[in-house]
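Chain by chain, the residues:
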Amino acid sequence: MQNNKWKKMLVFALVLTMLVPSGSIVASSTDEEVDTTATGDTEGTENEDGEDEEDGTEDALPPKKTDEQALEFCQNVAENDKYILYYDSGEREKPEEDEEDTEEGAEDSEKKKEEPEDIAVARFGLYVKETGKVWWSNPVNAFADDTIIDPIKGRTMRETQRYQVASNITITYADLRQEKRTTKTLYSADDATEKWKEINGGIEVTYTFRSPGITIPVQYTLEDDGLRVSVDTTKIKEKNTSQENGKVITSVSLTPQFGASSATDLDGNAIDGYMIVPDGSGAVINYNNGKSDYNTYSQKLYGRDYTAVPLNAPKVTEQAYMPVVATVSGDSGLVCIAEEGNANATVIAEVSGQNNQAFNSCAFDFELRSSDTYYMSGDSGNKLVVYEKGSIETPTIAVKYTPISDSEGVNYADVAEVFRNYLKAGGLEASVSENQYNFYLDLYGGVMKQQSILGLPFDLKTSMTSFEEAKEILEKFESNGVSDMVVAYNDWTNKLIKENISTTFKPSGTLGGNGDFKDLQSYMNGINAELYPTMDNLTMNSSTWGYWTLTNTAIRVSNAYSRQSSYSIAFGVEDKGVSPALLTPNAYGKVFDEIVESFTDKGQSSVSFGNYSTALVSDFLKKDKSVRYKSMNTIIDGYEQATNGGLDKILCDGANDYVIKYASHITDVPLYSSGYNLTDYDIPFYQMVVHGYVPYSSESINKTSDVQEAYLLSIAYGAGLHYDMIYEKASEVADTDYNDLYYAYYGAWVDVASEQNAVAKSVLAPVSNMTISNFERSGRVLTTTYSADGKSDVVVVVDLDKATVTVDGVAVDLGNTIMTGGMA
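Counting starts from 1 at the beginning of each chain's written sequence and moves along it residue by residue. In view of the model being predicted, local features appear only for residues whose pLDDT reaches at least 70, and side-chain atom pairs are presented and counted only at 80 or more, with totals across whole chains, interfaces and linings using the full set of residues. Remark: hydrogens and water are excluded; side-chain values derive from all non-hydrogen atoms of the structure.

Spanning 14 residues, helix α7 (residues 412-425) covers 20 Å between terminal C-alpha atoms, matching the ideal 20 Å at 1.5 Å per step. With a 1.4 Å probe rolled over the protein chains alone, any residue whose accessible area is under 20% of its type maximum counts as buried; one over 50% counts as exposed, and the rest are partly exposed. Under the scheme used here, helices are H or I runs from DSSP no shorter than 4 residues and strands are E runs no shorter than 2 residues, and both carry numbers assigned from the N terminus. Where α7 is concerned, the buried positions are Tyr412, Ala413, Asp414, Val415, Ala416, Val418, Phe419, Arg420 and Leu423. A positive phi of about 120° marks Gly427, the residue just after α7. Multiplying 1.5 Å by the residue count of a helix minus one yields the expected span of that helix.

Below you can see the structure in the form of C-alpha cells.
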C-alpha cells in the first residue's frame, strides 16, 4: 500500500510538471542567471542543442500604452525651466474589491481576465517642456511590443528579453571560484530589488542584485542641460570579494535602454531614425536596418588597453575618440555623453531584431575591474582568466542625457554641437584664424638597420631623412607654392631611433646634429612653417638611465610584464623574440617634467607627445596601481603642465577628447569608421565637432589604399591634407622597422601633393573659422554646409564617383590632382 501511495504521488508530480508552461519556468527563475561570456554579445537563451528554450507558443500581450497613459503612473520628482523628471516606481496598488459581487461585476471581472495586465517595472521619464517629448529610461511597451523577432515562427520577444529591455541598470559580475571563472550578466527588472529616496534635484535608487549580493546606489539628477545618471563607486557594496570564492562586479551599464525605439509606432508604422556612434570619423546605424544576424556593435572608448597583450593580432579598427552616442528620430534626438568613467567605457548599440529583442538602442557599458588571460605552461588550450584585485579604482561613472530638437529635423551637426558645447564647458576655445589653411607633413628621421662591418652584422643608427634633407624636401614644396606647412619630425634623437625613452632635447648626430637642426628651424621660421619634434615614449626596447625595464614596465592583471608583441602578417600569431616593454603610466609625470624642462631650456616652444594623445595604459602593480582612469588624468596633468610651462604649441597625432583643448593642431583625424557590419555609413562627426576650433588634418593620404578618395574626402570633411615622407627610396627601408613606410619616398609625392594642396586650400581656407552646420550623404555625394555669425552659408558638394567638387554651385577646377602618386 505504501509503495502504491508513493507511485501515485510521483505520477501526479510528473503530470503537474508537464502542465506548467516552459515560459513560466524561465520567467520565475531568479537565482539561476543567464550565463554570458565576456564577449559583450548576448545572443539569447538557448539549450545545449542550440534550440530556443521556448516552444514558440506565447501568451496574449497586454495593450500598448501611450506616453500620456504611462505618465499617469509617474510622480514629479524634479523640475527646472526646461525639463520635468518623472518616476514610476513600478509599485501598483491592488483595487479594493466589494464584498458583494453583482452579476454585472462578475462579467467585468471576466473581461479583465481576458485582457492581460501589463507588468509594472520602474522607469524614468524625462519630459521636455518645449516640445512635449518624453524620453523614457526603458520602453513603456517593453511587455506589449508585438514586433516579430522570428519571421519563420512568427514569434515576438520572449519574456526573458522583455525583462532585459525593461531594466534601468545592468551589471556583469565574475564568479571567482577556480572551477567557474566566468562572468554573468544580470538585469535590474529581473534580479534586483529597488529602494528610492529623494535627493537634491532628483532621486537616488538603490539596486540590490539578489544572486551575487551586490548593491549599487544610482543618482538621477536633473540639470540645466538634461539628466545626469551617476554612481559613486565607493558606495557599491559587494558581499564577497574573496579571490578564492567571491563574486565581484566587473562592469555596469546605466540606463542601457534610455531613448530606445521600437521598430514601429503605436499604429504599426515603421519608425525612421538613426544612431550615431563615435567610431573613427563617426558612423551611423539606421533603425531597423535588417542586420539582426550580426553581432552587437561594441567598441571600447580610446582604444584597447595596451597593458593586456593579446595572444593573436588584435583586429585593425579605427579608434573611438569621443565619449558620445546619440539616437535621433525626426525632429527629436537624445545625446548621451559619458562624462565620468569614460576611460573604461565601451559603446554598445543594437537594432531591432538583434539578440531576440525588438528595440533600437545605444548606450555605454563601464568596466569597473579589468581581466586578463594567461596560458599555463604556454599551452593555448589551458586558459586561465584572472580579474583585477582590490577595490574599484574609478571613483565615479556618469552619463549625461541631453534632448535636442529641430522642427526641420535633427541632423548630425546638431548632435556634434552638443558635444562641442561640452568640450567648451571644459575649456575648449576657438584657435583657428580666418582664411587659415595648413599643409601637414610627417617626416621620419632615423632607424636601426643591420649593416656589415668586417663581415660581422651590426644594428646601426641609419638616416632615412637627415635634417639637411628635410630642409631640401620643404624647399621643393615652397617652390611649388605650398605655404603654412606643419611638420612633425619623428625619430630625431638617438634614443628615439633606438626606440627607447627619450626626454632630452638633443638632435641625433646621425641626422646632422644640433647645427643642422638649428639651420632647419631657422629656415622654417623664415617661411612661416611650424616644426614639432615628436617625443613618443610609449614603449622602450631596453633600459636607459632613469627608465629601467625591470622597474618601469607596466604590469598586467596576471602579474606578468606587459611586452608589446609584434605579430605575423600571414598568421596573426606572436613573433618570437623579446618585445618592447610598455612604459608604466606611473612614469609619465617624470617624462613630462623632463621634456618640459629640457625643451624650454633650449628655447623650444613646440612639441608632439606622440601616442600619449590617443593611447591609454594601465599598470596593475600591487603597491602603485594605475588604471586607465588614473592614467588619463596623469596625461591631462602633463599636457596642462606643458602648456603652462612654455610648451604652448602642441601637435596631437590623433586626439582623444580630453586633450583636444591643448592641441594647436590635430593630425591623422580618420576619414573612415571601422566599417563594422552593423553600421550603415560613415559621417565626419569628429570633424563636425572640432572644425572652426582646432586646425586638423586628414590621415596620411599617401598611406591610404585609395589616394583619390582620401583626397576628396579630406575636402568634403574640411581637413588639411597630410602626407608621410622620407628622403630615401623604398628599397632602403627594407628589413627595418620602417618597412611600412615603403610608400613614403618624397620624390614620388611632392608634385601631386602640391597640386592637391592648392585645390584644397582654395576650397577650405575661406571656411576655416566657420563651423559645420549640416552634413548630408546621398550615396557617394557628400554635402557639407559651413556657417558663422555674420556670414553667408557656404555649401561644398563632393561627388566621390564623378570626382567633382562644387562650392555654392560653382565647379572647382581640380586640374591634374585626380591621380595617384607612387613609390620608387
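So, about the pattern of salt bridges. Should a side-chain nitrogen of Lys or Arg be within 4 Å of a carboxyl oxygen of Asp or Glu, the pair is scored as a salt bridge. Enumeration according to the criterion identifies 21 salt bridges in this entry. Here Asp680 and Lys291 are joined by a salt bridge, their closest N and O atoms 3.4 Å apart. You can see Asp680 sitting in the loop between β33 (665-669) and β34 (681-682) and its partner Lys291 sitting in the loop between β15 (283-286) and β16 (297-300), a full 389 residues away along the chain. We note a salt bridge from Arg780 to Asp801, for which the minimum N-O separation is 2.6 Å. Taken as a pair, Arg780 in the loop between β37 (771-778) and β38 (781-787) and Asp801 in the loop between β39 (794-799) and β40 (804-807) lie far apart in primary sequence, 21 residues in all. Each of Glu223, Asp225, Arg228, Glu339, Glu340 and Lys400 takes part in salt bridges that share partners, so that together they form one network.

Throughout, an axis means a line fitted to C-alpha atoms (over the contacting stretch in the case of helices), and angles, computed between N-to-C directions, take values from 0 to 180 degrees. Two numbers describe how helix α8 (residues 467-479) lies on helix α10 (residues 513-526): the axes approach to 8 Å, and their chain directions differ by 15°. As the angle between them shows, α8 and α10 are arranged roughly parallel. As α8 runs across α10, the sense of the crossing is left-handed. Two secondary-structure elements touch here, α8 through Phe467, Glu468, Ala470, Lys471, Leu474, Glu475 and Glu478 and α10 through Gly513, Asp516, Phe517, Leu520, Tyr523 and Met524. Here the contact of α8 with α10 is composed, by residue class, of 7 nonpolar, 1 polar and 5 charged. Angle categories are assigned with fixed cut-offs, so that under 35 degrees is roughly parallel, over 145 is roughly antiparallel, 65 to 115 is roughly perpendicular, and the rest are oblique. The sense of a crossing depends on the near helix, which, turned anticlockwise from the far helix by less than a right angle, makes the crossing left-handed and, turned clockwise, makes it right-handed. Throughout, a residue-residue contact means that at least one pair of heavy atoms, one from each residue, lies within 4.5 Å. For this scheme, ten residues count as nonpolar: Ala, Val, Leu, Ile, Met, Phe, Trp, Tyr, Cys and Pro. Four count as charged, namely Asp, Glu, Lys and Arg, and the remainder, Gly too, count as polar.

This part is about the sheet that holds β38. Read from one edge of the open sheet, 5 strands run β37-β38-β39-β40-β41, paired in antiparallel fashion. The strands lining the two open edges of the sheet, one partner per strand, are β37 and β41 (810-811). Between any two strands, at least two bridges found by DSSP are needed for them to pair. As defined by bridge partners, β37 adjoins β38 across 7 bridges and the pair is classed as antiparallel. Paired with Asn774 across the bridge in β38 is Thr785. Contacts from helix α14 (residues 707-716) reach β38, β39 and β40 within the one sheet, and its direction differs from that of β38 by about 30°.

Attention now goes to the sheet that holds strand β24 (residues 439-444). If you trace the 4 strands from one edge of the open sheet to the other, you get β28-β27-β24-β36, paired in parallel fashion. Two strands lie at the open edges of the sheet, namely β28 (530-533) and β36 (722-725), each paired on one side alone. Going across the sheet, the axis of each strand differs from the next one's by a mean of 20°, ignoring polarity. Two elements, β24 and β36, share 4 bridges in a ladder whose sense is parallel. Considered in β36, the bridge of Tyr440 is made with His722.

For the rest of this paragraph, the subject is a nonpolar patch on the surface. Patches here: salt-bridge-free residues with over 30% relative accessible area, like charges joined within 9 Å, nonpolar side chains (Val, Leu, Ile, Met, Phe, Trp, Tyr) joined within 5 Å. The accessible surface values rely on the Shrake-Rupley method and a 1.4 Å probe; as for residues, cover is taken only from the protein chains in view. The grouping of Ile453, Leu454, Leu456 and Phe458 at the surface amounts to a nonpolar patch, some 440 Å² of accessible area in total. Note that Phe458 resides in strand β26 (residues 456-463). Assessed through its relative accessible area of 38%, Phe458 is described here as partly exposed.

Every residue is assigned a pLDDT by the predictor, reflecting its confidence on a scale from 0 to 100. When the pLDDT values of the protein are averaged, the result is 89; 86% of them are 70 or greater. Scored below 50 in pLDDT, residues 15-57 makes 57 contacts in the model with residues more than four places away or belonging to other chains. With pLDDT under 50 throughout, residues 820-824 is counted as low confidence; its partners more than four residues away or in other chains account for 15 contacts.

Counting buried residues in strand β9 (residues 214-223) gives 8 out of 10 residues, a clear majority hidden from the surface. Counting the residues that bridge the hairpin from strand β8 (residues 202-209) to β9 gives 4 residues, and of these Gly213 lies at a positive phi of roughly 70°. Where β9 and strand β11 (residues 237-238) come together, 2 bridges link them in antiparallel fashion. Among the inter-strand pairings, Thr215 is bridged to a residue of β11, identified as Lys237. The pairing of β9 with strand β10 (residues 226-232) spans 5 bridges and is classified as antiparallel. Across the sheet, Gln219 pairs through a bridge with Ser230, a residue of β10. Counting the residues between successive antiparallel strands, the hairpin from β9 to β10 contains 2 residues.

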